[in-house]
Amino acid sequence: MSGPLWQGPGQQVDTLPVLPRQRGGCAADPLEELAVRLEEVVAAAVHPDEIAAILESDGMTDDHIRLTYGREDSFTLAEELYARIPRRYSEPPGPPVDPWYVGLLGCLLRGLVFALPGLAYVLGAPLLRGAGLAPLLAGALTGWVWNQAFSHRAYSWLGLGDREAAARALLTGAPAGALLGSATAAIAAAVSSGPGEWPAAAFASAQALYLAAATVLLVMGRERALFCALLPMTAGAALALSYDLAVPLRTGLLLLSLVCAVVLAGGTLARCIPGSRERQPPAGASPRTPLLNRRRRGLSSSSPAGPIAAGADGSSRRTGGKIQPVRPWRTRPRRRDTRAAPRVAASLPYGLFGLGTGVLVLYTALGDVLAGGPGAVVSAPSAVALTLSMGPAEWLLHRFRGGSLAGLRASTTSRAFRRGSAAVLAECLAGYLTVLFVLAVAGTVLWPDAPALGGGRLTTLLLIGTVLWTGLLLQSFGAVLRAAAVCVAAALAQALALLTGTGGPGLVGLVVAAVAAVLLAGMVCVLLGRASAHRV
């Protein structure tokens, strides 16, 4: 019965429609004449109370309704009009705008910058010869957990419209994450105490620093800058596949990309966080006069503070009988209202989700190696395919949100909406699995000495892809705690199987991925089958 909640600037939307005026003379049937006159308004009403409000806004009192139409009050008359005229809801003017639309190229670029850092292991292979896995895995998992959590906090500030607060959160969280990842890698190296552990710990420390810088750039929307920072390392890795590059050259290219990423991240934060020092007047601008300063501070020549006296700098004021200079160009930092600050605990489930998915991806790539079986090799194409597929996965998540919103607009019953939503879900999930399959096959063909992509390995990879995509879908709808619980439980089951030697890594990975995929798919169907879950 009221106007729309969201109106653009300058829009004037009447809360109630203008009713056609009654023609002169007396009608044979006043109620029929009223129904004809209000047909368009009544046909678009969603409840009789809306018609009652329109009648009352037109000046119809209960006495007038009893005398003219023979009904008790406006609500009784509204119910009869609502039952007499069938519903006809007009479509909004113009094609509907999809609020979830994103460009495909931007998502593909994000997927590319997710995967390109893996080439650091190709370029730095001589540096890691004989190195242990413990520092690298510990540093990587710590970085994934921390960066997922504090990037969510920064995104929460961006959602509140406070870009400066988001930059400050990143300024605090990024160095802390780099230190935490380095410390975890060092502890893992000290516990393992192997001959190649400390070089691996040094590499993991550089990796932690890169992850912190990359998180800053990705959160602040600087994907292109991050891609440019990765170009030296990417070019070096491409050359390393064909030529035996010297170790100093490899190290220099890795450090160059790292330094570029850190410098770009620091510059981004510096531009977003304004300084609190005095600003100089812009070129060609004259300093404020004492009169302007007086008006700015709410003082006048007749105020109790006394008259304004000009100082040596042309600007001063009298306070308590003393003349104090006025600095008109000084900017005072505003006090931040922390009442609407996002809770720190709200970011914890996102960190747990990063832990669970990180373990699942690492197990997919290194399960055979960690189990120590004969002839075990790293399934690098599977890990690369999962990482590269995150770009199309993000685009398909937005496509599902837009498709479900369109289905919500077009459906007239809850059953029809559930059918349409399930169709969009199946289409998007099938599209993502198709992309993952193509990337896995291409990676296996192109990667030197890659393990064969058999039926079991391919099935496990597609199930892991289903877990990742449905988990991200639940996360986008606010059900991150459920997704994190399933992923962490699956990761814990795989870790316990490795520690106890229960089953082969291939069988364990297949069973765990299948159970997790079924659970997450069921959660998606139950949650997203409700129309109330698809709020914009």
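Cut-offs used in this document
Residues numbered from 1 in each chain as written. Predicted model: local features only at pLDDT ≥ 70, side-chain atom pairs only at ≥ 80, totals over all residues. Heavy atoms only, no water. Helix = DSSP H or I, 4+ residues; strand = E, 2+ residues; numbered from the N terminus. Buried < 20%, exposed > 50% of the residue type's maximum accessible area, 1.4 Å probe, protein only. Contact = heavy atoms within 4.5 Å. Areas by Shrake-Rupley, 256 points an atom, 1.4 Å probe, with all protein chains shown as cover. Phe/Tyr/Trp six-rings, centres within 6.5 Å; stacked < 30°, edge-to-face > 60°. Lys NZ or Arg CZ within 6 Å of the ring centre and 35° of its normal. Expected span 1.5 Å × (residues − 1). Patch = residues over 30% accessible without salt bridge, like charges linked within 9 Å, V, L, I, M, F, W, Y side chains within 5 Å. Salt bridge = Lys/Arg side-chain N within 4 Å of Asp/Glu carboxyl O. Axes fitted to C-alpha atoms, helices over the stretch in contact; angles between N-to-C directions. Parallel < 35°, antiparallel > 145°, perpendicular 65-115°, else oblique. Left-handed = near helix turned anticlockwise from the far one by under 90°.

Draft legend 1. Main features of the overall build of the chain. Assigned secondary structure in the chain consists of 20 helices and two strands. Expressed as a percentage of its 536 residues, the buried residues of the chain come to 38%. Within the chain, contacts between residues separated by at least 24 positions form 75% of all contacts whose residues are at least 6 apart in sequence. Just so you have it, the chain exposes about 29,300 Å², and 63% of that area is on carbon and sulfur atoms.

Draft legend 2. Structural view of the packing of aromatic side chains. Evaluated as defined, the whole model comprises two aromatic pairs. Ring geometry for Y121 and F203: centres 5.4 Å apart, planes at 50°, overall tilted. With a gap of 82 residues between them, Y121 in helix α7 (residues 119–123) and F203 in helix α10 (residues 197–219) connect regions that are remote in the sequence. Residue F203 is classed as buried on the basis of its relative accessible area of 13%. With a centroid separation of 6.2 Å and an interplanar angle of 70°, the aromatic rings of F400 and F477 are classed as edge-to-face. Here F477 lies in the loop between α18 (455–476) and α19 (480–500) and F400 lies in helix α16 (residues 390–410), a separation of 77 residues in the sequence. F477 carries the same exposure label as F400, and that label is buried. Above the plane of the ring of W100 lies R401, whose end atom (NZ or CZ) is 4.1 Å from the centre.

Draft legend 3. Helix α20 (residues 505–528), seen in detail. With 24 residues, α20 should cover 34 Å at 1.5 Å per step; its first-to-last C-alpha distance of 33 Å lies within 8% of that length. Turning to α20, its buried residues number three or more, namely V508, G509, V512, A513, A516, A517, L520, V524, L527 and L528.

Draft legend 4. Seen up close, a nonpolar patch on the surface. A cluster of nonpolar side chains, F437, V438, V441, V445 and L446, forms an exposed patch at the surface whose accessible area comes to about 490 Å². With respect to the element layout, V445 can be found in helix α17 (residues 414–446).

Draft legend 5. Summary view of the pattern of salt bridges. Per the stated rule, a full pass over the model turns up 14 salt bridges. The partner of R84 in a salt bridge is E32, with the nearest N and O atoms 2.9 Å apart. Here the residue R84 occupies a position in helix α5 (residues 74–84), and E32 occupies one in helix α1 (residues 30–37), the gap between them amounting to 52 residues. Between R168 and E164 there is a salt bridge, with its nearest N and O atoms 2.9 Å apart. Here the residue R168 and the residue E164 both occupy positions in helix α9 (residues 163–192), the gap between them amounting to four residues, near one helical turn. Judged by its relative accessible area of 35%, R168 falls in the partly exposed class. Because the salt bridges share partners, they merge into one network encompassing E32, R71, E80 and R84.

Draft legend 6. A look at the packing of α9 against α10. Close contact between α9 and α10 brings their axes to 8 Å; oriented N to C, the two are set at 160°. Judged by the angle between their axes, α9 and α10 are roughly antiparallel. Between α9 and α10 lies a crossing of right-handed hand. Mapping the contact onto sequence places L170, A174, A178, G181, S182, A185, A186, A189, A190 and S192 in α9 and E197, W198, A201, A204, S205, A208, L209, A212, V216 and V219 in α10.

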